[in-house]
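Here's the letter readout for the chains.
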Amino acid sequence: MARPRRSTSSHAARVKALPYVARLHRVDPFRKADEADLQAAADRIAGPAGWYAVAGWAPADVDFRLYHFATAAEAEAMQRWIATSGVETRPPPEPYRGPMLGVAGRKPS
């Protein structure tokens, strides 16, 4: 009996198509403005469909965000932008300090 063919992994195909990587070291979350700056820089360098960002999962890439590009020049340009913009050292978002809302008419404890 023939086994059904497995579908391809879109993530693996995308990583294979974009082999060059720029690395961004960051543990804390980003502010929305910082996320927008990163996206705008990657779009400016490679176009909206020319890059792919993933979290590093290999032991050497833990705490890194990896930006994949099609050419080495694009990856180097993104790495230079990361270094000059200081996005790695920007402060994380402030925690919420507003009032806690109750659920179903009960007061929060």
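Residues numbered from 1 in each chain as written. Predicted model: local features only at pLDDT ≥ 70, side-chain atom pairs only at ≥ 80, totals over all residues. Heavy atoms only, no water.

Counting 15 residues, the largest nonpolar core has Leu24, Leu38, Tyr67, Phe69, Met78, Trp81 and Val87 as the members making the most contacts within it. Contributions of two or more residues to this core are made by strand E1 (20-25), helix H2 (32-46), strand E3 (64-69) and helix H3 (72-85). What leucine 24 contacts, discounting residues up to four positions off in sequence, is Phe30, Leu38, Asp63, Phe64, Arg65, Tyr67, Ile82, Val87 and Glu88. (Core = buried A, V, L, I, M, F, W, Y, C linked by side-chain atoms within 4.5 Å. Buried < 20%, exposed > 50% of the residue type's maximum accessible area, 1.4 Å probe, protein only. Helix = DSSP H or I, 4+ residues; strand = E, 2+ residues; numbered from the N terminus. Contact = heavy atoms within 4.5 Å.)

Sheet topology note: the E1/E3 ladder contains 6 bridges and is antiparallel. By the bridge assignment for E3, tyrosine 20 is matched with phenylalanine 69. With 5 bridges connecting them, strand E2 (residues 51-55) and E3 associate as antiparallel partners. Across the sheet, tyrosine 52 pairs through a bridge with histidine 68, a residue of E3. (Pairing = 2+ DSSP bridges.)

In this section: the confidence of the model for the chain. Averaged over every residue, the pLDDT of the chain is 89; the share at 70 or more is 94%. The least confident element of the chain is helix H1 (residues 10-17), whose mean pLDDT is 89; the most confident is H3, at 97. (pLDDT = per-residue confidence, 0-100.)

With their axes 10 Å apart at the nearest point, H2 and H3 run at an angle of 150° to one another. Taken together, the axes of H2 and H3 lie roughly antiparallel to each other. Our pair here, H2 against H3, has a crossing hand that is right-handed. The segment H2 lies against H3, with Asp37, Leu38, Ala41, Ala42, Arg44, Ile45 and Ala46 engaging Glu74, Ala77, Met78 and Trp81. The class makeup of the residues in the contact of H2 with H3 is 8 nonpolar, no polar and 3 charged. (Axes fitted to C-alpha atoms, helices over the stretch in contact; angles between N-to-C directions. Parallel < 35°, antiparallel > 145°, perpendicular 65-115°, else oblique. Left-handed = near helix turned anticlockwise from the far one by under 90°. Nonpolar A, V, L, I, M, F, W, Y, C, P; charged D, E, K, R; others polar.)

Taking 1.5 Å of rise per residue, 14 residues should cover 20 Å, and H3 covers 20 Å from first to last C-alpha, within 8% of that figure. In this structure, the buried residues of H3 make contact with E1, H2 and E3. Downstream of H3 by a residue or two, glycine 86 has a phi angle that is positive, lying close to 75°. (Expected span 1.5 Å × (residues − 1).)

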